[in-house]
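# Secondary and tertiary structure notes
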Amino acid sequence: INVLLAKMTLAEKLGQLQVELSHAQADRIQKEAKYNLTGSSSTESLPEVLDNGPLGQYQVKLADLRRELALLTSSLTPAHPKVIRLQAQITELQSTITSERQNIVKRLRNEYQSAQERERLLSRNYGGQTQIVSEQAEKAIQYNLLKKDVEANRQLYQTALQRGKEASINSALRSSNVRVVDRARPSLFPYKPNILVNLIVGL
C-alpha cells in the first residue's frame with residue numbers, strides 16, 4: 001500500500017511539473033517573439049508601447065515640436081532664441097525617446113531571459129522526476145514479483161502442512177493386522193503364591 005501511495009504521489013507531482021513546463025514554454029515563446037520584434041521592427045510598433053507606456057506620447061509631442069519648429073524657421077532665422085529653445089526641446093525629447101526605447105528593449109530581454117531560465121529549470125526538474133517515477137515503477141514491478149513469489153510459497157507451505165496433518169491422522173486411524181480370537185478370562189484364584197502346595201511342602 002505504501003508503495004502504491006508513493007507511486008501515486010510521484011505521478012501527481014510529475015503531472016503538475018508537466019503542466020507548469022507547458023505554461024513556461026508558452027510564456028517563453030511569447031516573450032521570445034516580443035523580444036525578437038525589437039530587432040526586426042521599430043520599438044513603437046510593439047504592443048506594450050502602443051497599449052501603454054510613455055513612448056507613444058513622446059512621439060506625438062516630438063511631432064508637434066517639429067511642426068512648430070517648421071513654422072518658426074519659415075519666418076525666423078536658426079539663430080533666433082525661439083528657434084534655438086525649440087531645437088533644444090526637440091533634442092532633449094529625442095534623447096528621452098532613445099533612452100525609453102533602450103529601457104523597453106532591456107525589459108523585454110530580461111523578461112525573455114527570465115522565462116528561458118524558468119523553462120530550463122522546470123525542464124530539468126521534469127527530467128529528474130521522470131527518472132524517479134521510472135525507477136519507482138521498476139521497483140513496484142519487482143515488488144509485485146516478489147509478492148507473488150511469497151504468496152506462492154505460502155500456499156505451498158499451507159498445502160504441505162495440510163497434507164502432513166492428513167497423513168498423521170490417517171496413520172493414527174490405520175487398522176492393525178492383529179485380531180482377538182478369545183477374550184481373556186480372569187482366574188478365580190491367584191497364580192502365585194500357591195498356598196496348598198506351600199502348606200504340604202511345609203509339613
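In short, a report on the structure. (Residues numbered from 1 in each chain as written. Predicted model: local features only at pLDDT ≥ 70, side-chain atom pairs only at ≥ 80, totals over all residues. Heavy atoms only, no water.)

Here we take up the environment of Leu93. Relative to the elements of secondary structure, Leu93 occurs in helix H4 (residues 81–173). Each C-alpha atom of the pair Leu93 and Leu65 lies 9.5 Å from the other, and the pair is 28 residues apart in sequence. Contact partners of Leu93, with chain neighbours within four places excluded, come to Tyr58, Lys61, Leu62 and Leu65. (Helix = DSSP H or I, 4+ residues; strand = E, 2+ residues; numbered from the N terminus. Contact = heavy atoms within 4.5 Å.)

Here we come to the pattern of salt bridges. Pairing is possible between side chains of opposite charge, provided their charged atoms come close. With the rule as written, the count across this model stands at 7 salt bridges. Between Asp27 and Lys31 there is a salt bridge, and its shortest N-O distance comes to 2.6 Å. One end of the pair, Asp27, and the other, Lys31, are both in helix H1 (residues 2–40), 4 residues apart, so they sit about a helical turn from each other. Judged by its relative accessible area of 27%, Asp27 is partly exposed. In the salt-bridge network here, residues are joined through shared partners; they are Arg28, Glu32 and Glu119. (Salt bridge = Lys/Arg side-chain N within 4 Å of Asp/Glu carboxyl O. Buried < 20%, exposed > 50% of the residue type's maximum accessible area, 1.4 Å probe, protein only.)

Scanning the model with the defined rule gives 1 aromatic pair in all. For the pair Tyr35 and Tyr112, a centre-to-centre distance of 5.8 Å together with 15° between the ring planes defines the contact as stacked. Linking Tyr35 in helix H1 with Tyr112 in helix H4, this pair joins segments that are 77 residues apart in sequence. We classify Tyr112 as buried; its relative accessible area is 13%. (Phe/Tyr/Trp six-rings, centres within 6.5 Å; stacked < 30°, edge-to-face > 60°.)

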